Amino acid sequence: MSVEPRVRQFLLNNYLFTDDDAALGNDDSLLQKGIVDSTGMMELIAFLEEQFAIRIDDDEMVPDNLDSVNNIVAFLARKSTTRSARAGA
Amino acid sequence: MCAITGVLNLLGAPVAAPRLIDMVASVRHRGPDDTGFHVQGPIGLGHARLAVIDLAGGAQPIHNEAHTVWVVFNGEIFNYLELRAELEARGHTFYTQSDTEVLVHLYEDYGRDFVQRLNGQFAIALWDAGARRLLLVRDRVGIAPLFYYANPAELVFGSEIKALLAAGVPARPHLAAIDQIFTWWAPLAPDTAFEGIHELPPGEWLEADARGVRTGKYWDFDYPASGNYTAAPEAALADQLRSLLDDAVHIRLRADVPVGAYLSGGLDSSVIASLINQHTDVKLCTFSIGFASAGLDETPYQQAVVDDLGTQHARMDCEGGTIADALADTIWHTEIPVLRTAPVPMRLLSGFARANGFRVVLTGEGSDEVFGGYDIFKEAKVRRFWAARPDSAWRPLLLRRLYPYLDITRRGQGYVRSFFGQGLGDVEAFAFSHLPRWHTTALCKQFFAADVQSALAALPPMDVRLAASLPTGFTRWHPLNRAQYLESKLLLPGYLLSSQGDRMLMANGVEGRFPYLDHRVIEFAAALPPRLKLRVLREKYLLKRAMAGRLPAAVLTRPKQPYRAPDIAAFVAARPDCLDLMSPATLRDYGYFDAVKVGHLVRKALSGRAVGQRDNMAFIGILTTQIWHHRFIANPVRLQYRVDSSMSQGTTPCRLNHA
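What counts and how
- Residues numbered from 1 in each chain as written.
- Chains lettered and ligands numbered in written order.
- Predicted model: local features only at pLDDT ≥ 70, side-chain atom pairs only at ≥ 80, totals over all residues.
- Helix = DSSP H or I, 4+ residues; strand = E, 2+ residues; numbered from the N terminus.
- Rg over C-alpha atoms; globule rule 2.2 N^0.38 Å.
- Buried ≥ 20, exposed ≤ 12 C-beta atoms within 10 Å, placed from the backbone.
- Contact = placed C-beta atoms within 7 Å.
- Expected span 1.5 Å × (residues − 1).
- Arc of directions from axis to C-beta.
- Domains from an automatic or database assignment.
- Nonpolar A, V, L, I, M, F, W, Y, C, P; charged D, E, K, R; others polar.
- Pairing = 2+ DSSP bridges.
- Core = buried A, V, L, I, M, F, W, Y, C linked by C-beta atoms within 7 Å.
- Axes fitted to C-alpha atoms, helices over the stretch in contact; angles between N-to-C directions.
- Left-handed = near helix turned anticlockwise from the far one by under 90°.
- Parallel < 35°, antiparallel > 145°, perpendicular 65-115°, else oblique.

A. Region of interest: the overall build of chain B. Within chain B one finds 27 helices and 18 strands. Over its C-alpha trace chain B gives a radius of gyration of 24 Å, about what one expects of a compact globule, namely 26 Å for 659 residues. Considered along the principal axes of its C-alpha atoms, chain B spans approximately 75 × 65 × 50 Å. Taking all 659 residues of chain B together, 53% fall into the buried category. Long-range pairs, those at least 24 residues apart, make up 72% of the contacts in chain B with a sequence separation of at least 6.

B. Local environment of helix 6 (residues 234-251) of chain B. Residue and element names in this part refer to chain B. Look at helix 6: 26 Å from first C-alpha to last across 18 residues, which is about the 26 Å you get at 1.5 Å a residue. All of the buried residues in helix 6 are Leu 237, Ala 238, Leu 241, Leu 245, Ala 248 and Val 249. Here the buried residues of helix 6 occupy an arc of 105° about the axis, which is enough to place them on one side. Opposite its buried face, helix 6 presents the exposed residues Ala 235, Ala 236 and Ser 243, each directed more than 90 degrees away. Looking at the buried residues of helix 6, the elements they touch are helix 7 (267-277), strand 16 (360-362), helix 21 (519-526) and helix 22 (541-547).

C. Representation of the domain arrangement of chain B in the model. Residues and elements named next belong to chain B. According to the domain assignment, chain B contains domain 1 (3-217) and domain 2 (375-488). Here the C-alpha centroids of domain 1 and domain 2 sit 37 Å apart. Taken together, the contact pairs nine residues of domain 1 with 13 residues of domain 2. For the side of domain 1 that touches domain 2, the class distribution of residues is six nonpolar, two polar and one charged.

D. Quick look at unusual backbone geometry. The omega torsion of the bond from Gln 60 of chain B to Pro 61 of chain B falls at 0°, within 30 degrees of zero and hence cis. Within the element layout of this structure, Pro 61 of chain B appears in the loop between strand 3 (43-49) and strand 4 (62-63). The omega angle of the peptide bond from Ala 189 of chain B to Pro 190 of chain B is 15°, so this bond is cis rather than trans. With respect to the element layout, Pro 190 of chain B can be found in the loop between helix 5 (175-184) and strand 10 (198-199). You will see that Phe 17 of chain A, though not glycine, has its phi angle at about 50°, which is positive. Considering the arrangement of structural elements, one finds Phe 17 of chain A in the loop between helix 1 (3-14) and helix 2 (38-51). Even without a glycine there, the phi angle at Lys 540 of chain B is positive, about 50°. Relative to the helices and strands, Lys 540 of chain B resides in the loop between helix 21 and helix 22.

E. Spotlight on the sheet that holds strand 8 (residues 147-150) of chain B. Residue and element names in this part refer to chain B. Pairing is antiparallel in the open sheet, where six strands are placed in the order 2-3-1-9-8-10. Whereas interior strands pair on both sides, the edge strands pair on one side only; in this sheet they are strand 2 (34-40) and strand 10. In terms of strand pairing, strand 8 meets strand 9 (residues 154-158) through four bridges, oriented antiparallel. Bridge pairing in strand 9 links Tyr 149 to Val 156.

F. Summary view of the environment of Pro 566 of chain B. Residues and elements named next belong to chain B. Inspection of the secondary structure assignment puts Pro 566 in the loop between helix 23 (553-557) and helix 24 (569-573). In this structure Pro 566 comes out as buried when scored by C-beta crowding, with 25 C-beta atoms within 10 Å. As a C-alpha pair, Pro 566 and Ala 292 span 274 residues in sequence and 9.6 Å in three-dimensional space. Those residues in contact with Pro 566, other than ones at most four positions away along the chain, are Ser 293, Leu 296, Gly 320, Ile 323 and Thr 341.

G. Seen up close, the nonpolar core. Ranked by size, the top nonpolar core spans 194 residues in total, and within it Val 71, Ile 124, Ala 125, Leu 136, Leu 164 and Leu 542 of chain B carry the most contacts. If you tally residues by element for this core, the top one is helix 27 (residues 613-634) of chain B, at nine residues. When residues of this core are assigned to domains, at least three map to each of domain 1 (3-217) and domain 2 (375-488) of chain B. In this structure Val 71 of chain B touches Pro 61, Ile 62, Thr 100, Leu 103, Val 104, Ile 124, Ala 125 and Leu 126 of chain B, once residues within four positions along its chain are discounted. Counting residues in each nonpolar core, the second largest holds 16 residues, with Val 7, Ile 35, Leu 44 and Leu 76 of chain A among its members.

H. Molecular detail of the packing of helix 26 (residues 595-606) of chain B against helix 27 of chain B. Residue and element names in this part refer to chain B. Running from N to C, helix 26 and helix 27 point in directions that differ by 115°, and their axes come no closer than 11 Å. The crossing of helix 26 and helix 27 is left-handed. Contacts from Val 598, Leu 601, Lys 604 and Ala 605 of helix 26 reach helix 27 at Asp 615, Ala 618, Phe 619 and Ile 622. In terms of residue class, the contact of helix 26 with helix 27 is built from six nonpolar, no polar and two charged.

I. Seen up close, the sheet that holds strand 12 (residues 212-217) of chain B. All names here are of chain B. If you trace the six strands from one edge of the open sheet to the other, you get 4-5-6-7-11-12, paired in antiparallel fashion. If you trace the sheet from one side to the other, it starts and ends with strand 4 and strand 12, each paired once. As paired elements, strand 4 and strand 5 (residues 69-77) share two bridges and run antiparallel to each other. Each residue of the ladder has a partner; that of His 63, found in strand 5, is Trp 70. Along the sheet, helix 3 (residues 101-110) makes contact with strand 4, strand 5 and strand 6 (120-128), crossing strand 5 at roughly 120°.

J. Representation of helix 20 (residues 498-506) of chain B within the structure. Residue and element names in this part refer to chain B. Within helix 20, nine of the nine residues are buried, leaving the element largely enclosed by the surrounding structure. Of the residues making up helix 20, those classed as buried are Ser 498, Ser 499, Gln 500, Gly 501, Asp 502, Arg 503, Met 504, Leu 505 and Met 506. Tucked into the core, helix 20 has its buried residues touching helix 9 (320-334), helix 10 (343-355), helix 19 (491-496) and strand 17 (511-513).

K. Examining the packing of helix 6 of chain B against helix 21 of chain B more closely. All names here are of chain B. Taken N-terminus to C-terminus, the directions of helix 6 and helix 21 make an angle of 160°; their axes are 9 Å apart at the nearest point. Put simply, helix 6 runs roughly antiparallel to helix 21. The crossing of helix 6 and helix 21 is left-handed. Mapping the contact onto sequence places Leu 241, Leu 244, Leu 245 and Ala 248 in helix 6 and Arg 520, Val 521 and Phe 524 in helix 21.

Below, the structure written as structure tokens:
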């Protein structure tokens, strides 16, 4: 499964408690819509670190990176590019 | 405390005695020592007695000299000695030594207003045979419970809802009240979780006769208009408070059985234990709960107080599995769904106290409401300060002082704004202080079934009803006093004094006494300047000042820790039978919740991944709603006379540690 459906499924099952794909838009703000609270954000970070084998630094824990499906997917893509670049160097 | 029950036939037809016997049998856990009845024509009164004062002669019902006024009573009148002396001086003659007997004579002299003379905790049913009128009254703040059901033919009442069900009152769920629980944690009186069954609100009376049923209020929490506070030097007020509390404790030691105390390790119960110690040469016995989880356990603080005061202390260690196993029976006693497991250890603790030979304990509830102790008061103060400059980046940082786990500078900025920013634009809204809590709790409603959600959407908004119930002076009060009022009218009687208080105590025939809820203490504190309660962000300022030097410094200065028990965590390892009630089939059968959503929540919870308050409240709220429905609605058992099975002393599964 590619990144986006995995992230979506995690959010749908664990915060919206549904299988209904229509319940979450890719640009919906997780914080503003009350989908994720502060402890939920910790769970989300743990999920991303574990599932995508990355380490999220404190200064990366900002809404620009984590506040919607699209932000998360883009963030993961950037992390993966950085990692490949480092690996290639 | 005890249990009272009764039936008044409003059409004048006679009441059948066996019905009264069934009612009393259903609440016998509250009063295992004796039963008594008065059945005459249209009135039937029943009583189950927990003997505490005048062990030999205090059997109820009690009557006046002419046998024209009859009373059954649950609770204590702490100033009964003073009242008795006054009544005897006026020529009344007494046939017992009990506190109950002052009620009939006070009623003869003062009529319905007699309640104003009482200092105590009480639910009273008084039959005036001459006027053929029944009077029910409940204490000012809601320590003693009292429920009723009325139709054109009769009024049925009892200390617990079980007694009404035993009398044949139908058990039907009250969806609007469930909605309130999933917002406020408790329904607003007179609502209960049962359709048609009402709670007599604290501070109110009810009269019933051939003309019908009427209710009215005789007391309420009241605060001065902003600015008109008690003006006296702080030191003098601290002295006054200490002597008032001292007397509130003193009169609560009146009993013909030994009196113990609960000790949480917090300020409030430590103050009580310290004051008791000054009144007795007998070693005070104290009881506490210990948890394995360091985040919940307060044992070191308890031990500091025990060492300082030299009490005879007994601690009950409570494991998560024990809580999970005991939840279903606890809901039998709360008679209402709850959002936390915190009541369970309180029930086990009363069983522990009883097994140690105690049937009366003093306890510290009410101090946070009366003296301004809760975080929600501080949170509201910071939010109000923030609202004055909503774009400020640093004003919300003050919230970190209250909730150190909030990493506001980094990941939490967006969350803090979306959570604590609730209602920031309307600082004059009556519920400004409570909006973030209610909003978070209401998120649990996403689990309601679709048709329940639409049924609830069609009801009048609950906050409109709450707003309509507020006293006229409310808007002229200081914001802290408004928040105190809301807390004192909703969570205090609806949850803390009932689901976590009376019901858990009386499940094992133990009476709790609450010095901070002495109405003289409440009225004194209400008139204080708010800065003597919440000084900047330091809670219970005057109480701490009054007790400085009399308690270990560690207790006076420790950060406040709310009493919590393991919620979902208790179920991850233990899988009690009641979890079957969250199966898709049972969820669909009972109809409250969406089976698919709950399925996701249960999987998340039992995998150990649910850590947030939101998931915890939803899980326990759903589970206890299912248990409640299962026990009271789906399988209404004929209530039996079962003293032993409903008493858990001696069978408590907790490990006992005598310190």
